[in-house]
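As a plain string of letters, each chain reads:
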Amino acid sequence: MWADIHQVQQAFGREGYVSSVRVRLDSPSKFDAFKALVEQNRQLGLSAMREQEFVEKQAEMTVTFLTFLGGMIAFFFSIGAMIGAMITMHAQVANASAR
């Protein structure tokens, strides 16, 4: 997507620029040294994290929304099921008493 940065920042209520870079290290054991190297330079204002942690952070809002949506759907479906059961039981009792 190409857009004017100022319009995008205003539309999404953002300040500054946010980017990510994916780095593949020779071995996972070198991550701590790489993280220390990146984060020691305070002028850059960078932070390093493992890919799994990054993805979890990015997905937090989606998980919250889906959990809320799933809860609401389950709530309304359970009310519908209870109403359906009540109607069925009422019909059975009414049918039995009419005999």
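What counts, and where the lines are drawn
The written sequence of each chain sets the order in which its residues are numbered from 1. Owing to the predicted nature of the model, reporting of local features is limited to residues with pLDDT of at least 70; listing and counting of side-chain atom pairs is limited to 80 or more, with chain, interface and lining totals taken over all residues. The side-chain figures draw on all heavy atoms in the structure; neither hydrogens nor water molecules are used. Secondary structure elements follow DSSP: runs of H or I no shorter than four residues count as helices, runs of E no shorter than two count as strands, and numbering proceeds from the N terminus. To get the radius of gyration, use the C-alpha atoms; to get the globule rule, take the number of residues to the power 0.38 and multiply by 2.2 Å. Summary of the burial criterion: residues with accessible area below 20% of their type's maximum are buried, those above 50% are exposed, and those between are partly exposed, where the area comes from a 1.4 Å probe applied to protein chains only. Using the Shrake-Rupley algorithm and a 1.4 Å probe, accessible areas are obtained, with residue cover drawn only from the displayed protein chains. Only four residue types enter the tally: Lys and Arg on the positive side, Asp and Glu on the negative side, with His and both chain ends excluded. Taken as the charge location is NZ of Lys, CZ of Arg, CG of Asp or CD of Glu. The term salt bridge refers to a side-chain nitrogen of Lys or Arg lying within 4 Å of a carboxyl oxygen of Asp or Glu. The pLDDT value expresses, per residue, how confident the predictor is, ranging between 0 and 100. In this scheme, a helix's expected span is set at 1.5 Å multiplied by one less than its residue total. Bend at a given residue is defined as the angle between two axes, one fitted to the seven residues that end at that position and one fitted to the seven that begin there. In this description, contact between two residues means that some pair of their heavy atoms is separated by no more than 4.5 Å. Only rings of Phe, Tyr and Trp enter the pairing, Trp through its six-membered ring, and a pair is recorded when the two centres are within 6.5 Å. The plane angle decides the type: under 30 degrees is stacked, over 60 is edge-to-face, the rest tilted.

When helices and strands are tallied, the chain shows three helices and zero strands. Taken from the N to the C terminus, the helices and strands of the chain come in the order α-α-α. For 99 residues, the compact-globule estimate of 2.2 N^0.38 gives 13 Å, and the C-alpha radius of gyration of the chain, at 27 Å, exceeds that figure by more than 25%. The principal-axis extents of the C-alpha atoms in the chain amount to approximately 85 × 40 × 20 Å. A buried classification covers 4% of the 99 residues belonging to the chain. Counting only carbon and sulfur atoms, one obtains 62% of the accessible surface of the chain, whose full area is about 9500 Å². Of the charged side chains in the chain, 9 are positive and 9 negative, and the gap between their average positions amounts to 7 Å.

Here the focus is the pattern of salt bridges. Under the criterion given, the structure shown has two salt bridges. The closest approach of N and O atoms between Glu-51 and Arg-22, which form a salt bridge, is 3.4 Å. Here the residue Glu-51 occupies a position in helix 3 (residues 51–98), and Arg-22 occupies one in the loop between helix 1 (5–12) and helix 2 (31–39), the gap between them amounting to 29 residues. Here Lys-30 ties to Asp-26 by a salt bridge, and the two come within 3.5 Å at their closest N and O atoms. What makes Lys-30 partly exposed here is its relative accessible area of 42%. By relative accessible area, which is 71% here, Asp-26 ends up exposed.

Overall, the predicted model of the chain reaches an average pLDDT of 88, with 98% of residues at or above 70. Mean pLDDT values for the elements of the chain range from 81 in helix 1 up to 93 in helix 3.

Counted at 1.5 Å a residue, the expected span for helix 3 with its 48 residues is 70 Å, and the 68 Å between its end C-alpha atoms agrees. Maximal helix bending in helix 3 amounts to about 45°, located at Ala-59.

Here the focus is the side chain of Gln-9. Checked against the element boundaries, Gln-9 lands in helix 1. Relative accessible area serves as the criterion here: at 14%, Gln-9 is assigned to the buried category. Those residues within four positions of Gln-9 in sequence are excluded, and the remaining contacts are Arg-14, Glu-15, Gly-16 and Tyr-17.

This part covers the packing of aromatic side chains. Applying the stated criterion across every chain, the model contains one aromatic pair. When the ring of Phe-75 is compared with that of Phe-76, the centres are 5.3 Å apart and the planes differ by 70°; the resulting orientation is edge-to-face. Judged by relative accessible area, Phe-75 falls into the partly exposed class, the value being 45%.

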